[in-house]
Amino acid sequence: MSPLIGPANFNFFGFFPAAILSVLIPVVGVALFTYIMARRIAPLVRAAPDNRFDNIPERLKNLFFVWLAQIRQPRYMVAGVLHIVIFAGFLVLSIRSTSLVIIGISSDFVLPGFDGVIGDIYNFFKDYAATGVLIACIIAAVRRGVVRPARYDVPAKYGKDHTAEAVFVLGVISTLMISESLFEATELAAEMQHTGHAEFIAPLSLVWIFRGMVSGFAQSTLQGLHIVMYYIHDLTFFFFLCFLPMGKHFHVITSIFNVFFMRVKKGNIKPVVHGVSEDELDNLESLGVKKLEDFTWKHMLDFYSCADCGRCSDQCPANAVGRPLSPRFITIKARDLIFRNYPIKSGAIYKSKMLVEDIYSEDEIWSCTTCGACEQECPLGIEYIDKMVDLRRGMVDEGMVPQTLQKPLKALEKRGNPYGIMEKKRADWSTDKEFAAECSVKVLEKGETADTLFFVDSITSFDDNIKTIAQNTAKILTRAGVDFGILGKAEKDSGNEVLRFGEEMLFQDLKSQNTEAILESEVKQIVTADPHAYNALKNDYKDLPPVKHVSQVITEKIKSGALALKAAQEPESVYVYHDPCYLGRHNGVYEDPREALDAIKNLNRVELEKSRDRSFCCGGGGLMLFYEPEEETRMGVLRVQMAAEAGATVIVTACPFCLVNIQDAIKVAGKEGEMRAIDFTELIVQHMA
């Protein structure tokens, strides 16, 4: 038995039982925390519905890998490792902190199962956990307060800097580690003085160091330190619990829920209102997000869960080129608005204004290319694309449409394509005299059938520079022995950009017409060379035959022997593959294009530093080809510069939008003659044996 009196039996000034304080602190702390949380939950209760109780196995998988294993943290290695140490230590020490609360009432309390070998093993790791957390907190405080990586900066227009709060919280965590370790060390030092035996503790841990420091103290001093450290820990613990929901560190509480409810399917867009069918959209009084409470409860939870780490904005291409958009502040401004509209003190809940007039600007919302880089990077499962689309739906519903986008939208409504070209000309690329002499393309009408539908989409059908992608795709499918046809004038724009622009009703019309035409064609599968069409047909449409990108078909045919490729025609050229956002990040197609390129013998291929799920957007998503944003430079120009740094002379992409933007960017960057951009299908056609 320890010679020191524990907090449950100690009397202050010889007459006031410390146990009263041990009961009072948690009772007040829990009551205050409950009240604060009730106020924080209020906006979630008033928010729009959200269906997040599906795909439970996938959600549990995310909970294990994203929340518990922290697999996204090391993408920023130093900060990630520090966070993992603090997070893991916190989980380990939460058991000890909980038991300490009860020890203040019952000195002999031991958690069930922790009174033997398990308890000894736990204490060993717990002591190292506390030591690791303290060291990580010190390093993190220096990084935030002194080194200050640029991604933590807060421009004046976005509000106050959060460095002071971050450093303060690191200090609070450090106080918990020191007080717990010193509380235990004083008891061990007193016991060593009393018995002459030094109990084994984890070498070089905080407890080990502190025991050595206090081992020469008098018993009375050890007793005083023992009690003081206990109540410092107890007060700090409950102060921290109540402080967390007050600012950006709310994520300590909400992250587990946010990760569990995070997006489990990529590429799709949430319905206008969960529970309202597409047929009932006409009955809605308002579309999209206009005021705060129009966001879903999950998106409200996103706002609470932001750790302000800046990773989303650091990877955002719109932010990189100086557009008035930083995903981080889309979240932070909304969280600040929630705190302002739903204050902790009791009283009236304020009525929200139109968000785009209150905390966001029109240019800010239109600047997003919906590339998904922010969502891919966030370690807490925060979503942005659905929020941006919902805000755009609200703006479109209010008539707040950029001038440059009004013409293509009207053309889409009238002609089914953003160029306003007559429907009957959609298949003109297939009747080009030189191409038609080499390749015959069926139009699936008047009883004509095929196993595979080649869905061409608008840019590939009508853009004079891009029509070659359609022709090359047809040549490849023909050479590979695929029985295919096209819809011709019956095909409408896939609507991928229309939906992400926020024109919901127009998208529903395009989808309805395309679905009817596709099902009437009775094809067994769909192939497209446009990742935007691939994404829409695969993720935004329902009940269609399986959809593939042409790169997947090519790789399959190469592996089966149905398509053979000859050696590189230009072995001296250096090729680099640019991952299109809607093929890679949204749909996980990374390896098929690379495998097809590597099947070309002696092709010299390098990788971009930003590739695969960190690929850098060309700037073409979300009707951006028709939008003229405010920016310092073009996204495509930055991408061309990245390719130049990788030593590439040929940029290969598998998306017509990317090809347009990167070809233009090569000219703007002054790289003509040094570098060129070609489509993936063109390279394959050049090398078909």
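Residues numbered from 1 in each chain as written. Predicted model: local features only at pLDDT ≥ 70, side-chain atom pairs only at ≥ 80, totals over all residues. Heavy atoms only, no water.

Brief notes about the pairing of strand S10 (residues 650-653)
Residues Val650 and Val652 point to one face of S10 and Ile651 and Thr653 to the other, with burial holding for every one of them. Here strand S8 (residues 574-578) pairs with S10 via 4 bridges, running parallel. Opposite Tyr577, over in S10, you have Val652 as the bridge partner. With 4 bridges joining them, S10 and strand S11 (residues 676-679) adopt parallel strand pairing. Across the sheet, residue Ile651 finds its bridge partner in S11, namely Ala677. Once you follow S10 into helix H27 (residues 656-668) and on to S11, the crossover reads as right-handed. (Buried < 20%, exposed > 50% of the residue type's maximum accessible area, 1.4 Å probe, protein only. Helix = DSSP H or I, 4+ residues; strand = E, 2+ residues; numbered from the N terminus. Pairing = 2+ DSSP bridges. Right-handed = clockwise from strand over helix to strand, strands pointing away.)

Some thoughts on the nonpolar core
In terms of nonpolar packing, the biggest core is built from 196 residues, with Met177, Leu355, Trp429, Ile518, Val652 and Ile684 touching the most fellow members. When residues of this core are assigned to their parent elements, the largest contribution, 12 residues, is made by helix H5 (residues 163-195). Leave out the neighbours within four places in its chain, and Ile518 touches Leu453, Phe455, Leu487, Val523, Ile526, Leu537, Leu544 and Pro545. Of all hydrophobic cores here, the second largest spans 5 residues; its members include Val66, Trp67, Phe87 and Met262. (Core = buried A, V, L, I, M, F, W, Y, C linked by side-chain atoms within 4.5 Å. Contact = heavy atoms within 4.5 Å.)

Focus on the environment of Glu377
If you trace the backbone, Glu377 turns up in helix H15 (residues 373-377). Setting aside residues up to four positions removed in sequence, Glu377 forms contacts with Arg72, Arg75, Tyr76, Arg311, Gln315 and Arg614.

Side note on the sheet that holds strand S9 (residues 604-606)
If you walk across this open sheet you meet the 4 strands as S9-S8-S10-S11, and the pairing is parallel. On the outer flanks of this sheet lie S9 and S11, each paired with one strand and no other. Ignoring strand direction, the axes of neighbouring strands in this sheet form an average angle of 35°. Sheet strands touched by H27: S8, S10 and S11. Its angle to S11, the strand with the most contacts, is close to 170°. (Axes fitted to C-alpha atoms, helices over the stretch in contact; angles between N-to-C directions.)

Description of the packing of H5 against helix H7 (residues 219-243)
Direction vectors running N to C along H5 and H7 enclose 150°, while the axes themselves pass 8 Å from each other. Here H5 lies roughly antiparallel to H7, going by the angle between them. Note on packing geometry: the crossing formed by H5 with H7 is left-handed. When grouped by side-chain class, the residues that make up the contact of H5 with H7 number 18 nonpolar, 8 polar and 3 charged. (Parallel < 35°, antiparallel > 145°, perpendicular 65-115°, else oblique. Left-handed = near helix turned anticlockwise from the far one by under 90°. Nonpolar A, V, L, I, M, F, W, Y, C, P; charged D, E, K, R; others polar.)

Some points on a negative patch on the surface
A cluster of like negative charges, contributed by Glu357, Glu362, Asp363, Glu630 and Glu632, occupies part of the molecular surface. Secondary-structure assignment places Asp363 in helix H14 (residues 362-366). On the accessibility criterion, Asp363 (35% relative accessible area) is partly exposed. (Patch = residues over 30% accessible without salt bridge, like charges linked within 9 Å, V, L, I, M, F, W, Y side chains within 5 Å. Areas by Shrake-Rupley, 256 points an atom, 1.4 Å probe, with all protein chains shown as cover. Salt bridge = Lys/Arg side-chain N within 4 Å of Asp/Glu carboxyl O. Lys, Arg positive; Asp, Glu negative; His and termini not counted. Charge placed at Lys NZ, Arg CZ, Asp CG, Glu CD.)

Focus: the domain arrangement of the protein
Domains assigned within the protein are domain 1 (11-47 + 55-246), domain 2 (278-397), domain 3 (403-560) and domain 4 (574-686). Relative to domain 2, the C-alpha centre of domain 1 lies at a distance of 33 Å. Taken together, the contact between domain 1 and domain 2 spans 26 residues of the former and 34 residues of the latter. Overall, the association of domain 1 and domain 2 removes approximately 2,800 Å² of surface from exposure, summing both partners, and the carbon and sulfur fraction of that is 52%. When the area that domain 1 buries against domain 2 is broken down by residue, the three leading residues are Arg39, Arg72 and Tyr158, summing to 25%. At the junction of domain 1 and domain 2, the tally comes to 1 salt bridge. Close ionic contact of Glu377 with Arg75 constitutes a salt bridge, the shortest N to O distance being 2.9 Å. Where the side of domain 1 that touches domain 2 is concerned, the elements lending two or more residues are helix H1 (18-46) and helix H3 (77-103). Looking at which element gives the most residues to the side of domain 1 that touches domain 2, the answer is H1, with 8 residues. (Domains from an automatic or database assignment. Buried area = accessible area lost by both parts, 1.4 Å probe.)

Some points on the sheet that holds strand S6 (residues 525-528)
One open sheet accounts for 5 strands, arranged S3-S5-S4-S6-S7; its pairing is parallel. Both outer strands of the open sheet, strand S3 (442-443) and strand S7 (547-549), are each paired with one neighbouring strand and no more. Of the pairings in the sheet, the one linking S6 to S7 comprises 3 bridges and is parallel in character. Note that in S7 the partner of Val527 across the bridge is Lys548. On top of the sheet, helix H23 (residues 531-540) reaches S6 and S7; it is set at about 160° to S7, its chief contact. Seen against the sheet, helix H24 (residues 550-560) touches S6 and S7 and runs at an angle of roughly 80° to S7.

A few points about H3
An α-helical segment advances 3.6 residues per turn. Residues three or four places apart therefore align on the same side. Over its 27 residues, H3 runs 39 Å from end to end, which matches the ideal 39 Å to within 8%, given 1.5 Å per residue. At Leu93, H3 shows its largest bend, some 35°. (Expected span 1.5 Å × (residues − 1). Bend = angle between axes of the 7 residues up to and from the residue.)

A look at the pattern of salt bridges
Under the criterion given, the structure shown has 44 salt bridges. Between Lys524 and Asp451 there is a salt bridge, with its nearest N and O atoms 3.9 Å apart. Taken together, the residues Lys524 in the loop between helix H22 (504-521) and S6 and Asp451 in the loop between S3 and strand S4 (452-454) connect sequence positions 73 residues apart. Judged by relative accessible area, Asp451 falls into the partly exposed class, the value being 36%.

Digging into a positive patch on the surface
A contiguous patch of positive charge on the surface is contributed by Lys424, Lys425, Lys446 and Lys489. Summarising the element assignment, Lys446 is placed in the loop between S3 and S4.

A look at the packing of aromatic side chains
Taken as a whole, this structure holds 29 aromatic pairs when the rule is applied. With a centroid separation of 5.7 Å and 20° between ring planes, the pair formed by Phe239 and Phe243 is classed as stacked. Residue Phe239 and its partner Phe243 are both found in helix H7; the two are separated by 4 residues, about one turn of the helix. Ring centres of Trp366 and Phe501 lie 4.8 Å apart, and the angle between their planes is 20°; this geometry places the pair in the stacked category. In this pair, Trp366 is assigned in helix H14 and Phe501 in helix H21 (residues 496-501), connecting sequence segments 135 residues apart. Both residues of the pair, Trp366 and Phe501, count as buried. Ring pairs connect the aromatic residues Phe10, Phe12, Phe183, Tyr230 and Tyr231, which therefore count as one cluster. The positively charged end of Arg144 is found above the aromatic ring belonging to Tyr152, 4.0 Å away from the centroid. Residue placement shows Lys387 over the ring face of Tyr384; its charged tip is 5.2 Å from the ring centre. (Phe/Tyr/Trp six-rings, centres within 6.5 Å; stacked < 30°, edge-to-face > 60°. Lys NZ or Arg CZ within 6 Å of the ring centre and 35° of its normal.)

A word on the side chain of Ser551
Along the polypeptide, Ser551 turns up in helix H24. Looking at Ser551, the relative accessible area reads 0%, which means it is buried. A polar side-chain atom of Ser551 sits 2.9 Å from a polar atom in the side chain of His549. Ser551 has contacts with Leu583, Val589, Asp592, Pro593 and Phe680, leaving out every residue within four places of it along the chain. (Polar contact = N/O pair within 3.5 Å; in protein donor to acceptor, adjacent residues only side chain to side chain.)

Examining unusual backbone geometry
One non-glycine residue, Asp543, lies in the positive phi region at around 60°. Given the relative accessible area of 71%, Asp543 is considered exposed. Although it is not a glycine, Arg612 sits at a positive phi angle of roughly 50°. Structurally, Arg612 can be placed in the loop between S9 and helix H26 (635-645). Under the relative-accessibility criterion, Arg612 is labelled partly exposed at 29%.

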